[in-house]
Amino acid sequence: MEATIISLQTKHVGNDNQHMTSLEIAEVTGKQHKDVLKAIRNMEPAWVQVAGRKFALGSYKDANGQLRPCYSLTKTECLYIATKFNDEARAKLVLRWEELESAQRGRFRCALSEPKEILRLADEIIGEGLRMLNEEAEDTLTATQVAKTFNMTVWDFNQVVRDMGIQYRRHGRWNISDDLKDRDLVRLRTHVSYSLKGEKKIRTYMTWTLNGLRFLNSKLGYPNF
């Protein structure tokens, strides 16, 4: 390599967790860093046109303490640049990426050996899944919340609304009447819980939108807000 890395400051973009700097590319392929930089700069315009983004540019300090530019590339970006390299250099780069990915998988397996880490990862996965699943019902109100606006218990509220033909109960869950389904009065929300034995319980229930609350106000004789 033409310089010694003392510190490296790179800006990572995209969804890839692993990156390889242009310095590392030069070291793996046996090329001079300035030649790798030139190849990256020459190929960047075409990448921007297709991918819609530039390569992440950062800096490092050389042996004299001077700041020098370098790039930080994802695997896809790195292999794109390697299309201009000879067969031997490309092969070295591919093998290096295999080493990096194998090491990452090893760290992941090691992390999963810790019970607390397993729970943390599970919470992240479940939490993100539920967030996406419940995104449309994020600003809706539960029956309990709606009942409070009418100074009712949730049991009384559900019975009154049922008697008015607005909702019905089936398979242990309240449902909006068929003739009201297309009016965006309600949305479904999903809740996941676990018993002490680790058994997963999934409950889907109906919640009321702002339109639904206005509709209920008109039907129950309360002024709209």
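Refer to the structure printed above.
No experiment lies behind these values; they were computed from the predicted model shown.

Draft legend 1. Molecular detail of the overall build of the protein. Secondary structure summary: the protein contains eight helices and eight strands in total. With 225 residues in all, the protein has 33% of them scored as buried. Here the contacts in the protein between residues at least 6 apart in sequence split such that 55% fall between residues at least 24 apart. Per element, the accessible surface of the protein, about 14900 Å² overall, is 51% carbon and sulfur.

Draft legend 2. Quick peek at the layout of surface pockets. Here the largest pocket is characterised by a volume of approximately 250 Å³. Elements with a contribution of two residues or more to the lining of the largest pocket: helix H6 (143-149), helix H7 (154-163), strand S5 (167-170), strand S6 (173-176) and strand S8 (200-208). For the lining of the largest pocket, a count of residues per class yields seven nonpolar, six polar and three charged.

Draft legend 3. Representation of H7 within the structure. Inspection of H7 places Phe157, Asn158, Gln159 and Val161 among the buried residues, and these make up the whole buried set. In the core, the buried residues of H7 are packed alongside H6, S5, S6, S8 and helix H8 (210-220). Just downstream of H7 lies Gly165, where phi reads positive at about 80°.

Draft legend 4. Just the nonpolar core, in detail. If you look at the biggest cluster of nonpolar residues, it comprises 20 residues, and the most contacted ones within it are Ile25, Leu73, Ile81, Phe85 and Leu93. Broken down by secondary-structure element, the contributors of at least two residues to this core are helix H1 (22-29), helix H2 (33-51), strand S4 (67-73), helix H3 (75-81) and helix H4 (87-111). Among residues more than four places away in sequence, those in contact with Phe85 are Ile25, Thr29, Lys31, Ala39, Arg90 and Leu93. Ala147, Phe157, Ile176 and Phe215 belong to the second largest nonpolar core, which has 18 residues in total.

Draft legend 5. Focus on the environment of Glu136. Along the chain, Glu136 falls in the loop between helix H5 (115-133) and H6. By relative accessible area, which is 63% here, Glu136 ends up exposed. Here the alpha-carbon distance between Glu136 and Arg189, two residues 53 residues apart in the chain, equals 8.4 Å.

Draft legend 6. Representation of the packing of aromatic side chains within the structure. Under the counting rule described, the total for this entry stands at six aromatic pairs. Ring centres of Phe55 and Tyr80 lie 6.5 Å apart, and the angle between their planes is 40°; on these two criteria the pair is classed as tilted. Of this pair, Phe55 sits in the loop between H2 and strand S3 (56-61) while Tyr80 sits in helix H3, and the two are 25 residues apart along the sequence. On the accessibility criterion, Phe55 (4% relative accessible area) is buried. The structure contains a cluster of three or more aromatic residues connected by ring pairs, namely Trp47, Phe55, Tyr71 and Tyr80. In this structure, Lys31 is placed above the aromatic ring of Phe85, and the distance from its NZ or CZ to the ring centre is 4.9 Å.

Draft legend 7. Broad picture of the pattern of salt bridges. Applying the stated criterion across every chain yields a total of eight salt bridges. In this structure, Lys92 engages Glu88 in a salt bridge whose closest nitrogen and oxygen atoms are separated by 3.4 Å. Here Lys92 pairs with Glu88, and both are found in helix H4, just four residues apart, close to one helical turn. Given a relative accessible area of 54%, Glu88 falls into the exposed group. The shortest N-O distance in the salt bridge between Asp163 and Arg162 comes to 3.1 Å. The exposure class assigned to Asp163 is exposed, which follows from its relative accessible area of 59%.

Draft legend 8. Representation of the packing of H1 against H2 in the model. For the pair H1 and H2, the least separation of the axes is 9 Å and the interaxial angle reads 120°. Considering the angle they form, H1 stands oblique to H2. Between H1 and H2 lies a crossing of right-handed hand. Residue-level inspection shows Ser22, Leu23, Ile25 and Ala26 of H1 in contact with H2, the latter providing His33, Val36, Leu37 and Ile40. Grouping the amino acids of the contact of H1 with H2 by side-chain chemistry returns six nonpolar, two polar and no charged.

Parameters and conventions
Residues numbered from 1 in each chain as written. Predicted model: local features only at pLDDT ≥ 70, side-chain atom pairs only at ≥ 80, totals over all residues. Heavy atoms only, no water. Helix = DSSP H or I, 4+ residues; strand = E, 2+ residues; numbered from the N terminus. Buried < 20%, exposed > 50% of the residue type's maximum accessible area, 1.4 Å probe, protein only. Contact = heavy atoms within 4.5 Å. Areas by Shrake-Rupley, 256 points an atom, 1.4 Å probe, with all protein chains shown as cover. 1 Å grid on protein atoms, 1.4 Å probe; cavity = no way out; pocket = protein on both sides within 12 Å on 5 of 7 lines; lining within 4 Å. Points joined across faces, edges and corners; volume = space filled by probe spheres on them. Nonpolar A, V, L, I, M, F, W, Y, C, P; charged D, E, K, R; others polar. Core = buried A, V, L, I, M, F, W, Y, C linked by side-chain atoms within 4.5 Å. Phe/Tyr/Trp six-rings, centres within 6.5 Å; stacked < 30°, edge-to-face > 60°. Lys NZ or Arg CZ within 6 Å of the ring centre and 35° of its normal. Salt bridge = Lys/Arg side-chain N within 4 Å of Asp/Glu carboxyl O. Axes fitted to C-alpha atoms, helices over the stretch in contact; angles between N-to-C directions. Parallel < 35°, antiparallel > 145°, perpendicular 65-115°, else oblique. Left-handed = near helix turned anticlockwise from the far one by under 90°.

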